[in-house]
Amino acid sequence: MTVTTDRDTAAPAGTDAPSHQVALAFEDGVTRFITCREDQTVADASYRQRINIPLDCRDGACGTCKAFCESGDYDGGTYIDDALSADESAAGYALPCCMKPTSDLVLQISATSDIAKTQAATFTGTVVELERLSESTMRLAIEIANRGDLAFLPGQYVNIAVPGTDDGDGGLLTRSYSFANGPHEERLVFLVKLTPGGAMSTYLTERATRGESISFTGPHGSFFLREAARPVLLLAGGTGLAPILSMLRKLHDDDSRRKVHLIYGVSTDTDLVALDEIEYFARELPGFTWNHCVSDPDSTAVNKGYVMSLIAPEHLYDGDVAIYLCGPPPMVEAVRTHVSDAGIDPTGFYYEKFALAVPATSSTVADTAPPSAVATLPVVLEDSVVPAADARAIAGQITLPVADISPWRGPMADLTDDDGRFRIAGQQMWHSTGNDRIVDPDDGRLLPADARGIAGQNVFSPRDIEPLATPQPASAAATVAADTPVAVAPDATTITPEGYQIGEEHPEIHESDAIFEARAALELGALELTFGRLTSQQLAGYRLLAETTVPFVEGDRFVDAAEYTETNANFHDYLFTLTGNTHLLDAYQALGVKGRMSEVLRNATWCHPLCAQDHVDIVAAFESGDRDAARALISAHADRSKQTMRRAMADEMAARRPRFVTPGRFAGKVVVVTGAAQGIGAATARRIGAEGGTLVLADRSDLVTELADELTASGAAAVPAIADLEGFGGAESVVAAALAAFDRVDVLINNVGGAINFKPFTEFTDDQIRAEIDRSLMTTLFACRAVLPSMVARGDGVIVNVSSAATRGVNRIPYSAAKGGINAITASLAMEYADSGIRVVATAPGGTQAPERRVSRGTPEPVTATEQDWFQAHIDQTLASSLMHRYGTLDEQAAAICFLASEEASYITGTVLPVAGGDAG
Ligand code: FES
């Protein structure tokens, strides 16, 4: 082990410093691995990768983070003796908040791995209330001594361990229930739908007594009432009323004047509960109205039917509404369809639905659904098919409601192959007899093997199919780890083992400010769960991540937008991680903030000057206990983030608009541009599109499709042609595509090319020389060969080649040779085809500024100082050769190309026009 200390070696953050693997070995035998750059402290890297280690001062002053380094080399950094004595250092101890690795490391962390993960807390309390609200519903109330330690948001749920049960693994069965009380109320209240044979139902109706001990974990879930002023539509199915009541209580507690309408739907009159409570809110909450319906046709209710029938246009505010919906999956889908059919795209659509998660039989109906779920379901649970979400799903979509899962009970003997049950979409899938039949001839049950397949594909795992033949004991489903999501659908809806599905949707979220509004709403929720509850270590980690964002913004400029995006994401992730609620973190990540920022800020230079500072100020507000300041900062930060994104998008659009335009100059012309996906090719294509040209955009990258879409959206005619022009086949395919689409090619612009390597000629290998020639000479040679026959046949055409001033330059000789070849092609083709009415011209660009390339040329990153010197030498030579001593712009290059391609240059052929600030090449 090699240690160096007291040396300030901090390289600027964001550099490509080498990185190393650091193994963090916790006291309980758990080892976690992180990647740490040489310019990062281990603590910094650890927190960025969401692994907490002991931390406090983060400055080498307290010794809290002290760890033993089993192996590896590092720079110990600067610290005081009180934190780490010379003896300790000599013995192999180090301070992760100061140490930077110079090799892979193994560190013994003086804590168990519990510190590295956050998890929902377990609470134990007492049953204080057992009230039968109706034939089908009970109210359970629990009190806990440490109520102050439990913070939850209105809408969240807990997993209650059902006393006197056995999950088959030595534990208790757990069932999920949403809080029906307000977050600030002492007593915790849950509504339980009574289901015959259900674990919780049996407990409550047969064994439960007041004063009994009961435990739960939580809170869980990201379904909660977001703070906002816009109107709210609440929809509750059955005892899905519980989280809605919690929301109403919170609104009441806040003296809210927000417009809120509740529609409450149940199956039968006996399922209606808490009407007095709702009436109370109708009197006390100024903006609150409500209605209810019962689906049973024999109901005495005024409104018979489903909740959708009571949704009126005035409840939807033309979409400026947040819809909160808790109920069974069919209800959620029906409401979503109903709202969509009404042409409404609500600002927020938050839902929590429940799909039963454990098997049930006619004699033991499992009570896995929270009260919210089952009330309006046409429950048919007496079959032997496991009624889990997955059993009803194809490709993650729930395709069968519970009622449809009931197995066929009719006679099986006379089934024939014609029977529809052996077909999918009209195709014969199975047979009624023989080896590939799916039904047991004796009892008509599905045979596991074939029933697992659809169209020959194994769709269900053996474990999943088992209950088809043999129902599992109810305890089995509860053996799944409580905090492990069992599925995350593509829309990032979370399905918990308890069967809850929680999701949120927003209109065009990736295209609007809504993404940051949604983040702020979630963060305000996370603040409620964490404020005043964070340990000094958690605050230290939060501050570390906040400060990590700061170096990447200077004034109102990004120093490194990509690194800012990365560190910003780590900062925001952390608060959600600290809630111990994975659903909240999932919900935040599902917004796609980081991806959207990466996309939009790719070329951004402007950043709101307070964006990074906000992070530090938010942490300071947490540290000082100033809740109002923290809340205000989170909201303000969302606004500043929106401004940053809007400015970046506007700048990007402005950059894409050609600076010069000669309207109509290419009207009626079909122009092929090669290498069109970016740089000079894209700028030229944009200008020709703006001047009325019809474009065929050729490139090996499918990014060219984005440009075609952009130009088409702006009114130009443009089609992409993805092809590798380094082979003649690629060139032929592009020309063929152009002729097929537009019958002719008026102009071919051979822009594709570019130096790959930058080094002295003697350093080039054979393969590298050939690669340069293929890229920058053969592409043009092939494209000219491919296009000329059709031009000659028409007796008309223009070819503009893009050469280079680098025909006289250093450290890219093969490229210079290729471009010299382009000049020769230009002069000679002009001579050979002038009589055919074809002009052949070229520009010779000098150094040109361009946004960072999205498709790499394949240039190896100069790593060593020598390689960097080689690379820099060609830049220095380019600037020195230009009389104007600057790089040109994309607009300046496109201007010359477009001039030569247009009728304005009708008397120019065989000419190479240098566009290089006086560098003649
Ligand atoms: S010395 Fe205080 S956290 Fe490292």
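Data block above holds the structure.
Along each chain, the written sequence defines residue order, and numbers are assigned to residues from 1. Whole-chain, interface and lining totals are the exception, using all residues; otherwise, since this is a predicted model, local features are given only for residues with pLDDT of at least 70 and side-chain atom pairs are given and counted only at 80 or more. Calculated side-chain values reflect all of the structure's heavy atoms, with hydrogen atoms and water omitted.

### Brief notes about the pattern of salt bridges
Just to be clear on terms, a salt bridge is a Lys or Arg side-chain nitrogen sitting within 4 Å of an Asp or Glu carboxyl oxygen. Summed over the entire model, instances satisfying the criterion amount to 41 salt bridges. A salt bridge links Arg-596 to Glu-599; its shortest N-O distance comes to 3.2 Å. You can see Arg-596 and its partner Glu-599 sitting in helix 14 (residues 593-600), three residues apart, about one turn around the helix. The cut-offs for exposure are 20% and 50% of the maximum accessible area for each residue type, with area from a 1.4 Å probe on protein chains only; residues under the lower value are buried, those over the upper are exposed, and the others partly exposed. Judged by relative accessible area, which is 10%, Arg-596 ranks as buried. Numbered from the N terminus, helices here are DSSP runs of H or I no shorter than four residues, and strands are runs of E no shorter than two.

### A short note on the sheet that holds strand 32 (residues 694-699)
Paired strands, in this sense, are two strands between which DSSP finds at least two bridges. Taken in spatial order, the seven strands line up as 33-32-31-34-35-36-37 in an open sheet, and their pairing is parallel. Of all the strands in the sheet, just strand 33 (717-722) and strand 37 (912-915) have a single pairing partner and so form its edges. For this sheet, the mean angle separating the axes of adjacent strands, direction not counted, is 15°. Bridge count for strand 36 (residues 838-845) against strand 37 is four bridges, and the pairing is parallel. The angle between two axes is taken between their N-to-C directions and runs from 0 to 180 degrees, where each axis is a line fitted to C-alpha atoms and a helix contributes only its stretch in contact.

### Some details on the environment of Val-704
Within the fold, Val-704 resides in helix 18 (residues 703-713). Looking at Val-704, the relative accessible area reads 0%, which means it is buried. Sequence separation of Val-704 and Ile-722 is 18 residues, and the distance between their C-alpha atoms is 7.5 Å. Residue contacts follow a heavy-atom distance rule, with two residues in contact if any of their heavy atoms lie within 4.5 Å. Dropping the residues within four chain positions of it, Val-704 is found in contact with Ala-676, Ala-677, Leu-697, Ala-698, Asp-699, Pro-720 and Ile-722.

### With respect to the side chain of Ser-103
Residue position: Ser-103 is located in the loop between strand 7 (100-101) and strand 8 (105-109). Assessed through its relative accessible area of 19%, Ser-103 is described here as buried. Within polar-contact distance, the side chain of Ser-103 engages the backbone nitrogen of Asp-73 at 2.7 Å. Here Ser-103 is in contact with His-20, Gly-72 and Asp-73, once residues within four sequence places are set aside. What qualifies as a polar contact is a pair of N or O atoms within 3.5 Å, subject to a donor-acceptor requirement within protein and to the restriction that residues adjacent in sequence count only when both atoms come from side chains.

### So, the pairing of strand 15 (residues 232-237)
Among the six residues of strand 15, six are classified as buried, and the element is accordingly described as predominantly covered. On strand 15, burial covers both faces: Val-232, Leu-234 and Ala-236 on one face and Leu-233, Leu-235 and Gly-237 on the other are all buried. As paired strands, strand 15 and strand 16 (residues 260-266) are joined by six bridges and run parallel to one another. Across the sheet, the residue bridging to Leu-233 is His-261, located in strand 16. Where the polypeptide runs from strand 15 across helix 4 (residues 241-253) and back to strand 16, its parallel neighbour, the crossover connection is right-handed. Summarising the sheet, strand 15 and strand 18 (residues 322-327) pair through five bridges and their orientation is parallel. Among the inter-strand pairings, Leu-234 is bridged to a residue of strand 18, identified as Tyr-324. Place the viewer so that the strands point away; then a crossover is right-handed whenever the path from the first strand over the helix to the second strand goes clockwise.

### With respect to the packing of aromatic side chains
Aromatic pairs are defined between Phe, Tyr and Trp rings, using the six-membered ring for Trp, whenever the two ring centres lie within 6.5 Å; interplanar angles under 30 degrees are classed as stacked, those over 60 as edge-to-face, and all others as tilted. Within this structure, the stated rule accounts for 18 aromatic pairs. Centre to centre, the rings of Phe-349 and Tyr-351 are 6.0 Å apart; their planes meet at 55°, and the pair counts as tilted. Accessibility assignment for this pair places Phe-349 and Tyr-351 in one class, buried. Measuring from centroid to centroid gives 5.5 Å for Phe-558 and Tyr-564, while their planes differ by 50°, and the two rings are tilted. By relative accessible area, which is 3% here, Tyr-564 ends up buried.

### So, the side chain of Ser-46
Of note, Ser-46 is situated in helix 1 (residues 42-48). Dropping the residues within four chain positions of it, Ser-46 is found in contact with Leu-24, Ile-34, Ile-51 and Ile-53.

### Some words on the sheet that holds strand 10 (residues 137-144)
To summarise the sheet geometry, strands pair through backbone hydrogen bonds and adopt either a parallel or an antiparallel arrangement. The six strands are arranged 12-11-14-9-10-13 in an open sheet whose pairing can be described as antiparallel. This sheet does not close on itself; its edge strands, each paired only once, are strand 12 (174-178) and strand 13 (188-193). Averaged over all neighbouring strand pairs, the angle between strand axes comes to 40°, with direction disregarded. Inspection of the sheet shows strand 10 paired to strand 13 by six bridges, in the antiparallel sense. When the sheet's bridge partners are listed, Arg-139 is paired in strand 13 with Leu-191.

### Topic: helix 16 (residues 627-656)
With 30 residues, helix 16 extends 44 Å from end C-alpha to end C-alpha; this agrees with the ideal 44 Å at 1.5 Å per step. Among all positions in helix 16, only Ala-630, Arg-631, Leu-633, Ile-634, His-637, Ala-638, Arg-640, Ser-641, Lys-642, Thr-644, Met-645 and Ala-648 are buried. Each element contacted by the buried residues of helix 16 is listed here: helix 10 (514-530), strand 30 (557-558), helix 12 (561-578), helix 14 and helix 15 (611-624). Expected span of a helix: the number of residues minus one, times 1.5 Å.

### A short note on the nonpolar core
Leu-24, Val-42, Leu-601 and Phe-622 are the most contacted members of the largest nonpolar core, which totals 82 residues. Of the residues forming this core, the biggest block, nine residues, is contributed by helix 10. Working definition of a nonpolar core: buried Ala, Val, Leu, Ile, Met, Phe, Trp, Tyr and Cys residues. They are joined through side-chain atoms within 4.5 Å. By size, the runner-up hydrophobic cluster in this structure holds 33 residues, among which are Leu-191, Phe-223, Ile-244 and Tyr-350.

### Some remarks on unusual backbone geometry
Cis rather than trans, the peptide bond between Gly-218 and Pro-219 has omega equal to 5°. We note that Asp-318 has phi near 50°; this positive angle belongs to a residue other than glycine. Of note, the phi angle at His-885 is positive, near 50°, even though the residue is not glycine.

### As for the packing of helix 12 against helix 13 (residues 582-590)
At a minimum axis distance of 8 Å, the contact between helix 12 and helix 13 shows a crossing angle of 150°. Considering their axes alone, helix 12 and helix 13 lie roughly antiparallel with respect to each other. Considering only the axes of helix 12 and helix 13, their crossing is right-handed. For the pair helix 12 and helix 13, the contacting residues are Ala-569, His-572, Asp-573, Phe-576 and Thr-577 in the first and Leu-584, Leu-585, Tyr-588 and Gln-589 in the second. Roughly parallel here means an angle under 35 degrees, roughly antiparallel means over 145, roughly perpendicular means 65 to 115, and every remaining angle is called oblique. Crossings are assigned a handedness: left-handed for a near helix turned anticlockwise from the far helix by less than a right angle, right-handed for a clockwise turn.

### Focus on helix 13
All of the buried residues in helix 13 are His-583, Leu-584, Leu-585, Ala-587 and Tyr-588. For helix 13, the side-chain oxygen to backbone nitrogen distance between the N-cap and His-583 is 2.8 Å, and the N-cap itself is Asn-581. One or two residues past the end of helix 13 sits Gly-592, with phi positive at roughly 70°.

### A short note on the environment of Pro-845
Here Pro-845 is to be found in strand 36. Those residues in contact with Pro-845 that sit more than four places away from it in its chain are Ile-680, Val-802, Ser-803, Ser-804, Ala-805, Gln-893, Val-915 and Ala-916.

### Some thoughts on the packing of helix 19 (residues 728-742) against helix 20 (residues 766-794)
Interhelical geometry of helix 19 versus helix 20 gives an angle of 35° and a closest axis separation of 8 Å. For the pair helix 19 and helix 20, the sense of crossing is right-handed. Across from Phe-728, Ala-731, Glu-732, Val-735 and Leu-739 in helix 19, the residues of helix 20 making contact are Phe-782, Ala-783, Arg-785, Ala-786, Val-787 and Ser-790. Note that Gly is not counted as nonpolar here; it falls among the polar residues with everything else outside the nonpolar set of Ala, Val, Leu, Ile, Met, Phe, Trp, Tyr, Cys and Pro and the charged set of Asp, Glu, Lys and Arg. When the residues that make up the contact of helix 19 with helix 20 are grouped by side-chain class, the tally is eight nonpolar, one polar and two charged.

This is a description of form; function is not addressed.
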